[in-house]
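Descriptive structure summary
In case you want the letters, here they are:
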Amino acid sequence: MSRATTGYGPLLRTPGAAAFFLTAAVGRVGIAMTGLGLVWLLHDRTGSYATAGLAAAGFALAEALVGPHVARLVDRFGQTRVLPFYLVAHGTAVVALLMSTTAAAAIVAATCAGAAVPQLGALSSARWAHLLHGARSGELPSAFSLESLANATGFLLGPVLVTALGAAGHAVLASAVAAALILGGGTALAAQRRTAPPPARGSADGTVPERSGLLRPAFLLLALLNLAIGLYFGTMGVAVTAFAVGHGTPAAATPIIAAASLSGLVAGWVYGLRRHPTPAYRQLVIATLYLAATAALLPLAPTAVWLGAAVVLTEAAIPPTLVLLTVLTERAVRPAALTQAFTWNNSASAAGSALAASLAGRAADAWGPSGAFAPAPVAGVVLVVLSLVLARLLARGRSRGVASGTGCPTLG
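As a starting point, this report considers the structure included with it. In every chain, residue numbers begin from 1 and rise along the written sequence. pLDDT decides what is reported in this predicted model: residues at 70 or higher carry local features, side-chain atom pairs at 80 or more are listed and counted, and totals for whole chains, interfaces and linings draw on all residues regardless. By convention in this description, side-chain values take in all heavy atoms of the structure and omit both hydrogens and water.

To continue, consider the overall build of the protein chain. Of the regular secondary structure elements, the protein chain holds 15 helices and 0 strands. Against the compact-globule benchmark of 22 Å for 412 residues, the protein chain has a radius of gyration of 21 Å, which places it among compact chains. The dimensions of the protein chain, computed from C-alpha atoms along their principal axes, are 65 × 50 × 40 Å. Burial statistics for the protein chain: of 412 residues in total, 50% are counted as buried. Contacts are residue-level and defined by heavy atoms, with any inter-residue pair within 4.5 Å sufficient. Partitioning the intrachain contacts of the protein chain with sequence separation of at least 6 by distance along the chain shows that 83% fall at a separation of at least 24. A total of about 17600 Å² of accessible surface is found on the protein chain, and carbon and sulfur atoms cover 71% of it. Where the 24 positive side-chain charges of the protein chain centre and where its 10 negative ones centre are 11 Å apart. Segments assigned H or I by DSSP are reported as helices when at least four residues long, segments assigned E as strands when at least two residues long, and all are numbered from the N terminus. Radius of gyration: C-alpha atoms only; globule rule: 2.2 Å multiplied by the number of residues to the exponent 0.38. Classification of residues uses two cut-offs on accessible area relative to the type maximum, computed with a 1.4 Å probe and protein chains only: under 20% is buried, over 50% is exposed, and between them is partly exposed. Using a 1.4 Å probe, accessible areas were evaluated by the Shrake-Rupley method; residue-level cover was limited to the displayed protein chains. The sign given to each residue is positive for Lys and Arg and negative for Asp and Glu; His and the chain ends receive no count. Charged groups are reduced to one reference atom each: NZ for lysine, CZ for arginine, CG for aspartic acid, CD for glutamic acid.

In structure tokens, the structure reads:
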């Protein structure tokens, strides 16, 4: 592997890189607004949180289940050919949602909108992998760190913007702005043909052949790791709120979550600034060990201040872990299935988050506010075990490659 320039500046100065990165980042703010925007919109119309929750759940479930299958079409026919149809479908569903007159129609439209929401993060990551292949592959961790920062920023700004508009009585405007950002960012991305990965034809029936890597043990372990990291995400949103309310300081939830987000942004930024000589799978073991150790502190926090410190420490491990999972995914599958792989990882994380939110809520009811954090250290232990299994698998594959004289660049 050749020496690559460190830092984010050289990456963004690569011809075409800043354009696709920024347009996808803008669209992701809209995606981050959509789920909460549905809650504001439908509660404003129906007065029912149950209806609003069903619509948001339908959106999220459809996105998780349908997204990987659309990503398969993207890999097969190319981003610039598939994305415009995807955007038209999403826009049509949003218009139907805004024009709906019954709760049932709104839930159906929200579900359709989720099925057609473009996976802009996966599309942008696939472009980085295409742009930096070969001699510049050493810069991919920094590129994926940028993606992690864009995602974190989007999910920090999006809910704030939705809440501000919804609280001011503009719930319809909030959903419209979200759709405009998604459609605008997606359209701009589709127009950038020069940086799009070339389409890779699959089998005649459109299925993914085994050689794509999606059925190999390494990728299946990576999908499970993303499921486990989703368990952590889903736990924190519910548990921090339950802790703050249970200790009579509900206002403390906001600064704790803000501090955690800031910790993650800083950690992700610092991690991506330089190259790391340690193989990615070994870095992953270290990151998950740190995450498990700090997550074990969460149920023990006696006050909101202590909890804030513990959350900040734990959150610092998340961006490097996500970056490493993305790097290893890029190396584990063929380019012909890369968008699918990234999207399956997102779906696994979303499934884990949904499961953990339910578990954390039940734990809070059964064991009190601190008990809501119980799934977090469990997720940390699962992450450690899976990362150790993955490291052993990849190290064995690497040694076989060296022994045969071929090397094994996909296992770094």
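Here the narrative resumes, following the displayed structure.
Looking now at the side chain of Gln79. Assignment of secondary structure puts Gln79 in helix α4 (residues 79-99). Using a relative accessible area of 2% as the deciding quantity, one classes Gln79 as buried. Among the polar contacts made by the side chain of Gln79, one reaches the side chain of Arg127 at a distance of 2.7 Å. By the criterion applied in these results, polar contacts are pairs of N or O atoms within 3.5 Å in which, for protein atoms, one can donate a hydrogen and the other can accept it, and in which residues neighboring in sequence qualify only through two side-chain atoms.

The next subject is the packing of aromatic side chains. Only centres within 6.5 Å qualify two rings of Phe, Tyr or Trp (six-membered ring in Trp) as a pair; their planes then separate them into stacked at under 30 degrees, edge-to-face at over 60, and tilted for everything else. Enumeration according to the criterion identifies 6 aromatic pairs in this entry. An angle of 45 degrees between the planes, with centres 4.5 Å apart, marks the rings of Tyr8 and Trp269 as tilted. With Tyr8 in the segment before α1 (9-12) and Trp269 in helix α10 (residues 253-271), the pair connects residues that are 261 residues apart, well separated along the chain. Accessibility expressed as a relative area gives 6% for Tyr8, which makes it buried.

Moving on to the nonpolar core. Definition used in this section: a nonpolar core is a set of buried Ala, Val, Leu, Ile, Met, Phe, Trp, Tyr and Cys residues joined via side-chain atoms within 4.5 Å. One finds Trp128, Leu225, Leu298, Leu307, Leu328, Phe373 and Leu390 to be the most contacted residues of the largest nonpolar core, which totals 102 residues. No other element matches the 14 residues that helix α9 (residues 217-246) contributes to this core. Those residues within four positions of Leu298 in sequence are excluded, and the remaining contacts are Met236, Leu307, Ala310, Val311, Thr314, Phe373 and Ala376.

Relative placement of two packed helices is described by the angle separating their axes and the distance separating the axes. Angles here are taken between N-to-C directions and fall from 0 to 180 degrees, while the axes themselves are lines fitted to C-alpha atoms, restricted in helices to the stretch in contact. Axis separation between α4 and helix α6 (residues 120-131) bottoms out at 13 Å; the angle between their running directions is 170 degrees. Between α4 and α6, the crossing angle belongs to the class labelled roughly antiparallel. Only Leu123, Ala126 and Arg127 of α6 make contact with α4, whose side of the interface consists of Gln79, Thr80 and Leu83. Under the scheme applied here, ten amino acids are nonpolar (Ala, Val, Leu, Ile, Met, Phe, Trp, Tyr, Cys and Pro), four are charged (Asp, Glu, Lys and Arg), and all others, including Gly, are polar. Split into classes, the residues belonging to the contact of α4 with α6 amount to 3 nonpolar, 2 polar and 1 charged. For this classification, under 35 degrees means roughly parallel, over 145 means roughly antiparallel, 65 to 115 means roughly perpendicular, and everything else is oblique.

The subject of this paragraph is helix α12 (residues 304-315). In a helix, the anticipated span is given by 1.5 Å times the number of residues less one. Between the first and last C-alpha of α12 there are 16 Å, a value that for 12 residues agrees with the 16 Å anticipated at 1.5 Å per step. Packing partners of the buried residues in α12 comprise α9, α10, α11 (280-295) and α13 (318-332).

This paragraph deals with α9. Between the first and last C-alpha of α9 there are 43 Å, a value that for 30 residues agrees with the 44 Å anticipated at 1.5 Å per step. What we call the bend at a residue is the angle made by axes fitted to the seven residues finishing there and the seven residues starting there. Considering bend angle alone, the principal kink of α9 is centred on Met236 and spans about 30 degrees. Looking at the residues trailing α9, positive phi occurs at Gly248, about 75 degrees.

On to the packing of helix α3 (residues 49-77) against α4, then. Between α3 and α4, the least distance of the axes is 9 Å, while the angle of their chain directions is 150 degrees. Relative to α4, the element α3 lies roughly antiparallel. When you trace α3 past α4, the crossing you get is right-handed. Touching Phe59, Gly67, Val70, Leu73, Val74 and Phe77 of α3 are Gln79, Arg81, Val82, Tyr86 and His90, all from α4. In terms of residue class, the contact of α3 with α4 is built from 7 nonpolar, 3 polar and 1 charged. In a left-handed crossing the near helix is turned counterclockwise from the far helix by less than a right angle, and in a right-handed crossing that turn is clockwise.

All right, on to the pattern of salt bridges then. Salt-bridge detection follows one rule: a side-chain nitrogen of Lys or Arg within 4 Å of a carboxyl oxygen of Asp or Glu. Throughout the structure, instances matching the rule amount to 2 salt bridges. With its nearest N and O atoms 2.7 Å apart, the salt bridge here joins Arg28 to Glu147. With Arg28 in helix α2 (residues 17-46) and Glu147 in helix α7 (residues 140-167), this residue pair connects regions lying 119 residues apart in the sequence. Under the relative-accessibility criterion, Arg28 is labelled buried at 5%.

Turning to the side chain of Asn226, a few remarks are in order. Looking at where Asn226 falls in the secondary structure, it is placed in helix α9. Here Leu222 takes part through its backbone oxygen, which lies 2.8 Å from a polar atom of the side chain of Asn226. Ignoring sequence-local partners within four residues, the contact set of Asn226 consists of Leu325, Asn345, Ala348 and Ser349.

Only residues whose relative accessible area exceeds 30% and that take part in no salt bridge are eligible for patches, with like-charged residues grouped when within 9 Å of each other and nonpolar side chains (Val, Leu, Ile, Met, Phe, Trp, Tyr) grouped when within 5 Å. A surface patch of nonpolar side chains, about 460 Å² in accessible area, is lined by Leu262, Val266, Trp269, Val270 and Leu273. Within the secondary structure, Val270 sits in helix α10. Val270 gets classed as partly exposed once you look at its relative accessible area, which sits at 48%.

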